[in-house]
Amino acid sequence: MSGLALLCFLLLNTGVHGFKISPRFLNNLLNRGSLTHQDITERAILNITAQVCRSLALSEGKDFSFPSLTATAVATACEASKSSKNFIRTINKIKSNNWQIDIFKALSAPHHCDNEKITEGQKLITDGLSVVKGANKQKNFASAISRLGNIFHTLQDFYSHSNWVEIGNRFPNTNLIRGKISVEDIAAKTRATCRNCNGDDCKDNILEDILDNNILTSGYFSVNPFAKPPGKCSHGNFPDSTALLEPKGGINKDTKDSSHGHLHEQAANMAIAATSELLEDVRGAAGDRQFLEMMGLFKGKPLCFCVDTTGSMSDDIEAVRTVTSAIIDSKLGTEDEPSVYILVPFNDPDFGPLIRTTDPNIFKGYLNSLSANGGGDFPEMSLSALQLALTGSPPNSEIYVFTDATAKDEHLRNPVIALIEQTKSVVTFMITGGLGFRRRRQADSNQQQSLRMARSDAQLYRDLAQTSGGQAVEVSKGQLLEAINILTESTSSSQIVLLQAARTPAKAENFTFAVDESVQNLTVYITGTSVDFTLLSPSGVIQNGGNTTGSSVISSRSVGNLQTFQLRTEPGVWEIRMDSTNPYTLKVVGESSIDFLFDFIEESNGLFEGFSLIENRPTAGRNASLLVTLIGSDIATVTEVTLVESSGSGQVNGTVETQGGGEYIVRFARIPSVEFVVLVKGQNNNTITRASSGVFQRQSTTSLRASVLTVSIDDSDTDLEPGAKKSFPFSVMTTGGGGNFMIRATNDQGFTLDFPSSLLLDDKGSANGTVNITAPANTLSGAGVTLTIEAVAPGNADTNYAVLRLTVLSTVTDFTQPMCHLVNLQANCSDNCSQSMWELSVQVTDGANGTGVDSVTLREGTGTLNITMANNTENSTSVSYVASCCSPDVQLVAVDQVGNVEICSYSETSVSSVKLRKS
């Protein structure tokens, strides 16, 4: 077995080195309460997020009770309970990227602070931190959270693999997150650091002079025997072969059973504190509200529109303006107020830019500035705009595309589907004018042929809508406003899907769905022409589609090919019979706090089991595992998980294993060979009544596919330098037949790409390729670009992809924090604090060689802050603050242009009346 093959075998069967990666239920059983990278990461995230929400609440004069450290509890405390799904998804993504370092960088000593490569590990951390801060500044949150997981692993391993804890340190090494600052004294390569362990007892194997003189060292690690430098410590424990060489043993603290397992708890707690410290630094650079947005915590759903701006769209644009104003005004100040507003205009040949704002009035201004003009030939750049919207919107967004034209960029169909599958966003197409009237007006062919072409043109949009769980609504231009109102008036952050199906070709079919006591606003959506239905309620009331009087239907509306019915919410099992010879889609939604999150995972086998998220399609023809997270209830349980064909009645049942904390691993013997959705059923013990058994049902919106292809790419180094070309090696593997596989690569920013057009694979073989990408020299630092690499089997029989989130980052040379200089502090406080005031003035500078002060914000204090930003010559920012003596403390956050942060704290109580002048 080759060294690389041996390594891969050991990785998948041991969990490698570093705090282990065990899932919750195995961790306590096998490691006797040891903390994993996942535990450490999650605890730090929940702690700092709660601190951020506390700070915001206090600044608004609200009370804040510190929650238990669960994602659901923290989201609720942050008044963002409806975004629990996004918050959990973000945490899982960060934890998965943390785990990936053990897969892709297992032999890289700096990534684990092994082999005394601590300075190199520090550079990985600080370089990654620069990426996170730069990405956040450009609201490129997907790149930021991906990189966080990578650098967390290296930071956490420092405390497990080095002797920082053994030296007696009680606080994290802050220098690890500060660029160009020495970590501490690291042992020279010729200096001995360890002696042999006393049998299995390694408690005293680090030499006294190393500990007494605060000399840093870390254990050497290798899966292949090699001669480590004389006298050096080993990592220790299987599969580290250096532990068998003099001096024997090891010093790692990965688990309680490790060589230095007696210090595992101290090292793990230190790692939690260090991870929290790094997150505090990210928080300071981003600001509290933007930090929460990065973590996926916001009150309402994003509102995202892609709008065709060609000449024939003037009426449509006016309808979008009208309905957007109505949505904004009706939801302003409510828990469903959109968290962010996103607009992507498109025509031909242009699309974008993506406009993103949290200010509803600014968004209205953007919409008002849109003008309809031009058009040329019929098709437009609709998929390019949608691709940009999918990469620029948070996961689980609802995106509306308005157009009366076909897609000129149909080649982006698969990359768009890949992004839909990854983000699980819902895309609804609002198609006006018959989707062919411009072509019909210009064409010389007969009307019937043009009509057939128009119907064919619309099928692409129908396919994309079905994949995402959205709808393709076809209306006249005069009906658009009514149709938008129908779809958006029921939009809620707590909307859940009970049932979704599409039938092409159509057939008469019965569907059932269970409604539990927690469901409200039960609504049915049907798209298609001449579609009828019969509805049977749990109490036996029969409802025909054409009759809504005195029945289970509260109200019904119909426009274009869209029918919608609001039902009386009656718990129990409902049945709906669809009667149509025409294609149709059926969707039943409601509102409930109970929902679920899912990801296909790749499990490792062995004592220390763990898993990583599968970022593309799962492998067809094999068994598969699904991680399901139930949210919205502490007592509800999942009992069944089924993969259901999207366009048929076939299904595959899974075996459900509880992990604790609302998590379940579901294993399937096979995956459907066609598109499928995930159906979850369970028991809500809190809603058992005489009318209801407490059974609930939820379904995923996104349709998924399996593939015999796997496209793999290392995502641990995703930085681009403006103006420079960067290469990304990738591999394609098939578990099926071989042949010439087409390769396509696209990106959402139009950056220059170079890649092989095809790869030749043997049966059940693999091949390697490289994609080169170049960001223009004028690209903003921190900007994101999403690279999609697609492999297509011969005859278009199958396809799979890899999606890489890249960050453009200019070289960072400023690692110095801004400085606060107190100029004046005056207080005249009396016993009646409400009748007296205090004030201070501060100068904030960034040094002669700094990048300059970017912002000064108020973190603590309820007074009035006034800021005069620095000019180009002075590089100094003036800050004044006035507050009531009832608010005696203030904390200022100063940030420079590259995200270096300084926290400046002052208090009226420290000086009763003092005047300071700058020298």
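For the structure itself, look to the data block above.
Summary of the structure given here.

Some words on the packing of helix 5 (residues 84–104) against helix 8 (residues 141–161)
Across the interface, helix 5 lies against helix 8 with an axial gap of 7 Å and an inter-helix angle of 50 degrees. On the basis of their axis angle, the class for helix 5 and helix 8 is oblique. Handedness of the crossing formed by helix 5 with helix 8: right-handed. Here helix 5 contributes Thr90, Lys93, Ile94, Asn97, Asn98, Ile101 and Asp102 to the contact with helix 8, which in turn contributes Ile145, Ser146, Leu148, Gly149, Asn150, Phe152, His153 and Gln156. Split into classes, the residues belonging to the contact of helix 5 with helix 8 amount to five nonpolar, eight polar and two charged.

Quick word on the pairing of strand 31 (residues 766–774)
When strand 27 (residues 725–734) meets strand 31, the two strands line up antiparallel, connected through nine bridges. Considered in strand 31, the bridge of Met733 is made with Ser766. Where strand 29 (residues 752–754) and strand 31 come together, three bridges link them in antiparallel fashion. The residue bridging Thr752 from the neighbouring strand is Thr774, located in strand 31.

Remarks on the nonpolar core
In this structure, Phe87, Leu148, Tyr159, Leu278, Phe291 and Met294 are the most contacted members of the largest nonpolar core, which totals 60 residues. Of all the elements in the fold, those that place two or more residues in this core are helix 3 (37–59), helix 4 (71–77), helix 5, helix 7 (118–137), helix 8, helix 9 (164–167), helix 11 (264–286) and helix 12 (288–294). In terms of residue count, helix 3 provides more of this core than any other element does, 10 residues in total. Ignoring any residue separated from it by four or fewer positions in sequence, one finds Tyr159 in contact with Trp164, Val165, Pro172, Asn173, Leu176, Lys253, Ala267, Met270, Ala271 and Ala274.

Let's talk about the side chain of Thr357
Topologically, Thr357 is positioned in strand 3 (residues 355–357). Separated by 3.0 Å, the side chain of Thr357 and the backbone nitrogen of Asp359 make a polar contact. Aside from chain neighbours lying at most four places away, what touches Thr357 is Val340, Tyr341, Ile362, Phe363 and Tyr366.

Considerations on the packing of aromatic side chains
With the rule as written, the count across this model stands at 12 aromatic pairs. Summarising the aromatic geometry, the rings of Phe158 and Tyr159 are spaced 4.9 Å apart at their centres and angled 90 degrees between planes, so their arrangement reads as edge-to-face. A single burial state applies to Phe158 and to Tyr159, both of which are buried. One Lys or Arg, Lys424, reaches over the ring of Phe598 and ends 4.8 Å from the middle of that ring.

What about the sheet that holds strand 17 (residues 611–613)?
The sheet built from five strands is open, its strands ordered 17-16-18-22-21 with antiparallel pairing. Two strands lie at the open edges of the sheet, namely strand 17 and strand 21 (655–660), each paired on one side alone. For this sheet, the mean angle separating the axes of adjacent strands, direction not counted, is 35 degrees. Both strand 16 (residues 595–603) and strand 18 (residues 624–631) contribute to a ladder of seven bridges, which runs antiparallel. Within strand 18, the residue paired with Phe596 across the bridge is Leu630. Against the sheet, helix 5 contacts strand 16, strand 17, strand 18 and strand 22 (663–668), and its axis sits at roughly 120 degrees relative to strand 17.

So, how was this worked out
- Residues numbered from 1 in each chain as written.
- Predicted model: local features only at pLDDT ≥ 70, side-chain atom pairs only at ≥ 80, totals over all residues.
- Heavy atoms only, no water.
- Axes fitted to C-alpha atoms, helices over the stretch in contact; angles between N-to-C directions.
- Helix = DSSP H or I, 4+ residues; strand = E, 2+ residues; numbered from the N terminus.
- Parallel < 35°, antiparallel > 145°, perpendicular 65-115°, else oblique.
- Left-handed = near helix turned anticlockwise from the far one by under 90°.
- Contact = heavy atoms within 4.5 Å.
- Nonpolar A, V, L, I, M, F, W, Y, C, P; charged D, E, K, R; others polar.
- Pairing = 2+ DSSP bridges.
- Core = buried A, V, L, I, M, F, W, Y, C linked by side-chain atoms within 4.5 Å.
- Buried < 20%, exposed > 50% of the residue type's maximum accessible area, 1.4 Å probe, protein only.
- Polar contact = N/O pair within 3.5 Å; in protein donor to acceptor, adjacent residues only side chain to side chain.
- Phe/Tyr/Trp six-rings, centres within 6.5 Å; stacked < 30°, edge-to-face > 60°.
- Lys NZ or Arg CZ within 6 Å of the ring centre and 35° of its normal.

Keep in mind these values describe shape, not function.
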